[in-house]
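The lines below spell out each chain.
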Amino acid sequence: MKKYILSLLMFFVALSSFSVNVSDFGKAKWIWLQEDGQPNSWVAFRKTFTLDSAPGNVKANIAVDTKYWLWINGQMVLFEGGLARGAAPNTCYYDEIDLSSYLQKGENTISILVWYWGRTRKTHEDSGKGGLIFHSDIDGYQLCSDSSWKVIKHPGYDPKSGGGGGSANRVNAYNIRFDANKALGDWTDAAWYSLSYNDTKWNSAIEKGLADCLPWGKLVPRCIPQWNDRGLADYVSLKTDNGNITLPYINNTGKVKVISAKLPFNRQVTPYLKIRGVKGDTITVDTDDPFNLLQSVYITKDGVQEFEGYSWFNGHNIEYSIPSGVEVLELKYRWTGLGEMPGNFECSDEQLTRLWWMARNTLYICARDSYMDCPDRERGLWIGDVADQTGAVFYTLDDAGIKLLKKAIDNTIAYRNDSIIQGLAPGFGDYRGKSSELTGQSLQFISQGIWQYYYNTGDKETLANAYPAVMDYMRLWNMMPDGLPMHRKGYANWVDWGTDSDPVPTNVILYYMALKAVKSMAAVLEKPSDIEWCNGRIESIEKNFSRKYWRGTHYGTAGKPLEERVSALAVISGLADKDNYQILADSVLFPVRKSSPHMEWMVEEALILTGNHEKGLQRMKERYAPQILDKELTTLYERFDEKRPGTPNHAWNAPNYVLSRYVSGIKATDVAWKSFEVRPYLTTFASVNQIVPSVKGNIVMKAEKDNSSCRIELKSLEGTVAKVYIPLNGRKLNNVTVNGKTVWKNGETIVSSKDEYRFVGKDDDSICYEVGCGDWSFVVQND
């Protein structure tokens, strides 16, 4: 515990360089109602002020517990601000917002709706009190939250709305239950507006403390961008049990009618409606996802009215339960999410192209305040799931997704339990008590999460922050007399949802992989004694692993049922004897199908690494076939079990990593993509196209072949060097051109001192050239 306290103190020292200077909040106060606020409270704030002139560049700092919506002069400035979970215990994120285009000369009104969750479920650390703090320097005028602000508990929102699962291992958010008859009217409008809102009956806000005070803690800047708010949009289609409908639509059936509104694909959305009705009807908005725990409920008033539920949920279809007599005028949705998905993969196999797209959607819907295991059942930061996502992030998401990965690392390190690196998942203890350590996930997070984040970004600062905790965790593992690490159960022996898992050797290999990652970290951070410590354990495992776990046709525990995951990890880690590769591929890696999607991608990668590219891709297609062929499904399931598939959008589906790395063949070969290779696999594909959103920018590759030639087009970026391997497709090489210039003919390379490319070499499979920044076209002609 002393070591934990010391580490925590060191973290706060480091954190201080990123925290806001209290003076940046001026004289602003944390404000709220007189009472500290019950959970699931919605509180409205207003402040009217006068400016002598229209201001220029204006920034504002704002922090809340937990979420907020901001308007100025009736115009929405920000939809869902605030970021769950502080950077460490007793910290709170704040947002910086640009107000420049919203303020004007004369009277202005700022309106803020704050939603206080009031419960801790690992993915959010509750302060125990609702609160708002706001500061902006507007050309010398200090707009600060204080007792001059007006406040009222919004009577339209029912704090007893329920939702979130009702137990400790479910989501933080709640259902929305809004009664239009208790609404505040146009309370976000400006005071000078012709139908100005009268807030004289509102209370004066109660000042609760200055910036950086408890219980909210030290203010630190938001570490990821605001959500990408794409505005209200129409659904793809609307239908009832009688078929498709168009709007306006009147339910005159005498009973509640469900309108199913189809989304383009499974998305994080807030639902919107505009209807004509009478007082007292109830409209419920839900989704078709059986694991969705949230809904929006709207109690109607007389006349035409509109409503948007601010608690996001997800599904393939949004379902509106419309009472009889209600006329539906508009149904829309707002799609919000973190950043964009600039990565792309296409190949001549339509099923694999669709599978990559489904995996992309799955990754994106599992990213918001944190990376999540799923957006419906838990929204938990299970760190093994994050490790599965990491490989896909760098082929799929933009810089926002990379920043969220850094946040996942920083939060995991900050909220560790003493020396235990644990998952930040709901319902399994917290950083002060019972650990949620799944040992396999903790080890996977070190090698496939933290190290791969550094390797793809070059972010040494984040690596250095994580490293002491990583070393502490690695030292928790003791070595046994047989030269292998002693198994740590954590709170469960779980390693995978599939059948017949073999946890002990699985964790031995994952520990070995983590050791090699830590050795690489130590080299970057110049820790020679730690390198020596890692080497001792690495060599011991290499010497003893096969002796204990090689069974003649596979790796595993004696007497345990045959399964493929230990053998797959043995190949990926390098512990497997290469002489056994084909035996492993034929006896276990291809035919045995016991893994869940959590480890399936590792089996497919292992098959490819053994030289069985076709079998790896065939296995992928066969395992995912029911999902690929289901045209209504746009994200991927938690399990392959068709009777118990689990959530229909689970984080650990990573075909986009395998397809991008081993079909497009693009991978980093140096830190931060300073060098990379392009080795497209065209043996059974006529074409492969890829966009990789690397930290250097978008790498664009197109490859295609026909009976006599192969062409690769590459957009390479400044600060990078690429090795391009042009496949020969089993044919004799005739000639090669680079950007239209002949560079190989009659078995010889043609080189000029002015050339911007370099011939690297040739073998039976490919010919390789090294190039720098620019647009490149390589054409190989075969006999």
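As shown above, the structure is provided for reference.
If you're wondering where the values come from, they're calculated on a predicted model, not measured in any experiment.

### What about the overall build of the chain?
Right, so step 1: Scanning the chain from N- to C-terminus turns up 13 helices and 37 strands.
Right, so step 2: Relative to its length of 783 residues, the chain is compact, with a C-alpha radius of gyration of 29 Å against a globular reference of 28 Å.
Right, so step 3: Counting only C-alpha atoms, the chain reaches 85 × 65 × 60 Å along its principal axes.
Right, so step 4: Within the chain, the fraction of its 783 residues that count as buried is 59%.
Right, so step 5: Contacts in the chain between residues at least 24 apart in sequence constitute 75% of all its contacts with a sequence separation of at least 6.

### Focus: the side chain of glutamine 444
Right, so step 1: Mapped onto the fold, glutamine 444 is located in helix H5 (residues 439-457).
Right, so step 2: Among the polar contacts made by the side chain of glutamine 444, one reaches the side chain of aspartate 388 at a distance of 2.7 Å.
Right, so step 3: Excluding anything up to four places from it in sequence, glutamine 444 contacts Gly384, Ala387, Asp388, Gly449, His598, Trp601 and Met602.

### What to know about unusual backbone geometry
Right, so step 1: Cis geometry is found at the peptide bond from leucine 214 to proline 215, where omega equals 15 degrees.
Right, so step 2: Omega for the bond connecting leucine 247 with proline 248 falls within 30 degrees of zero, at 5 degrees, which places this linkage in the cis form.
Right, so step 3: Although it is not a glycine, asparagine 739 adopts a positive phi angle of roughly 50 degrees.
Right, so step 4: Relative to the helices and strands, asparagine 739 is located in the loop between strand S32 (733-738) and strand S33 (741-745).
Right, so step 5: Among the residues examined, asparagine 739 registers a relative accessible area of 43% and is labelled partly exposed.
Right, so step 6: Residue asparagine 746 is not a glycine yet carries a positive backbone phi of 55 degrees.
Right, so step 7: As for its position among the elements, asparagine 746 is in the loop between S33 and strand S34 (748-749).
Right, so step 8: Relative accessible area serves as the criterion here: at 64%, asparagine 746 is assigned to the exposed category.

### What about the sheet that holds strand S25 (residues 344-347)?
Right, so step 1: Overall, antiparallel pairing links the eight strands, which are arranged S25-S28-S29-S30-S37-S32-S33-S34 in an open sheet. Both edges of this open sheet fall to S25 and S34, since each of them pairs with a single strand only.
Right, so step 2: Pairing analysis gives eight bridges linking strand S30 (residues 709-716) to strand S37 (residues 774-782), with the strands arranged antiparallel. Within S37, the position partnered with glutamate 713 by the bridge is serine 777.

### Here we look at the sheet that holds strand S2 (residues 41-51)
Right, so step 1: Taking strand neighbours across the sheet as the criterion, the six strands line up as S5-S4-S7-S2-S10-S12 in an open arrangement whose pairing is antiparallel. In this open sheet, the two edge strands, each paired with only one partner strand, are strand S5 (75-81) and strand S12 (203-204).
Right, so step 2: Pairing between strand S10 (residues 150-153) and S12: two bridges, direction antiparallel. Its bridge partner lying in S12, lysine 150 is registered against serine 204.

### A few points about the pattern of salt bridges
Right, so step 1: Inspection of every chain in the model, using the stated rule, returns 37 salt bridges.
Right, so step 2: Salt-bridge contacts for aspartate 95 lead to arginine 222; the nearest nitrogen and oxygen are separated by 3.2 Å. Of this pair, aspartate 95 sits in strand S6 (residues 91-98) while arginine 222 sits in the loop between strand S14 (218-221) and strand S15 (232-234); the two residues are 127 residues apart in sequence, bridging distant segments of the chain.
Right, so step 3: Several salt bridges share partner residues, and in doing so they unite Lys67, Glu80, Arg368 and Asp369 into one network.

### A closer look at the nonpolar core
Right, so step 1: Tyr320, Tyr371, Met474, Phe545 and Leu714 are the most contacted members of the largest nonpolar core, which has 193 residues in total.
Right, so step 2: Of the residues forming this core, the biggest block, twelve residues, is contributed by helix H7 (residues 503-524).
Right, so step 3: If we ignore the near neighbours within four places in the chain, the residues touching tyrosine 371 are Leu363, Cys366, Gly380, Leu381, Val386, Gln389, Val393, Leu397, Gly401, Leu404, Leu405 and Ala408.
Right, so step 4: Counting residues in each nonpolar core, the second largest holds 31 residues, with Leu51, Tyr102, Leu103 and Ile110 among its members.

### With respect to the environment of glutamine 448
Right, so step 1: Tracing the backbone through its elements, the reader meets glutamine 448 in helix H5.
Right, so step 2: For the pair glutamine 448 and alanine 387, spaced 61 residues apart in sequence, the C-alpha separation works out to 5.2 Å.
Right, so step 3: With residues near it in sequence (within four places) discarded, glutamine 448 still touches Ala387, Thr390, Met513, Trp601 and Met602.

### Examining the pairing of strand S36 (residues 766-771)
Successive residues of a regular strand alternate their side chains across the two faces of the sheet.
Right, so step 1: Counting buried residues along S36, five of its six residues qualify, which places the element largely inside the surrounding structure.
Right, so step 2: Here strand S31 (residues 721-727) runs beside S36; their pairing, made up of six bridges, is antiparallel. Bridge pairing in S36 links tyrosine 725 to cysteine 768.
Right, so step 3: As paired strands, strand S35 (residues 757-762) and S36 are joined by five bridges and run antiparallel to one another. Following the sheet pairing, lysine 762 is matched in S36 by isoleucine 767.
Right, so step 4: Count of turn residues in the S35/S36 antiparallel hairpin: three residues.

### Some details on the side chain of arginine 379
Right, so step 1: Mapped onto the fold, arginine 379 is located in the loop between helix H2 (350-365) and helix H3 (383-396).
Right, so step 2: For arginine 379, the side chain forms a polar contact with the main-chain oxygen of proline 375, separated by 3.0 Å.
Right, so step 3: What arginine 379 contacts, discounting residues up to four positions off in sequence, is Thr123, Val171, Ala173, Leu294, Trp312, Phe313, Met372, Asp373 and Cys374.

Here is what the cut-offs are and how they apply
- Residues numbered from 1 in each chain as written.
- Predicted model: local features only at pLDDT ≥ 70, side-chain atom pairs only at ≥ 80, totals over all residues.
- Heavy atoms only, no water.
- Helix = DSSP H or I, 4+ residues; strand = E, 2+ residues; numbered from the N terminus.
- Rg over C-alpha atoms; globule rule 2.2 N^0.38 Å.
- Buried < 20%, exposed > 50% of the residue type's maximum accessible area, 1.4 Å probe, protein only.
- Contact = heavy atoms within 4.5 Å.
- Polar contact = N/O pair within 3.5 Å; in protein donor to acceptor, adjacent residues only side chain to side chain.
- Pairing = 2+ DSSP bridges.
- Salt bridge = Lys/Arg side-chain N within 4 Å of Asp/Glu carboxyl O.
- Core = buried A, V, L, I, M, F, W, Y, C linked by side-chain atoms within 4.5 Å.

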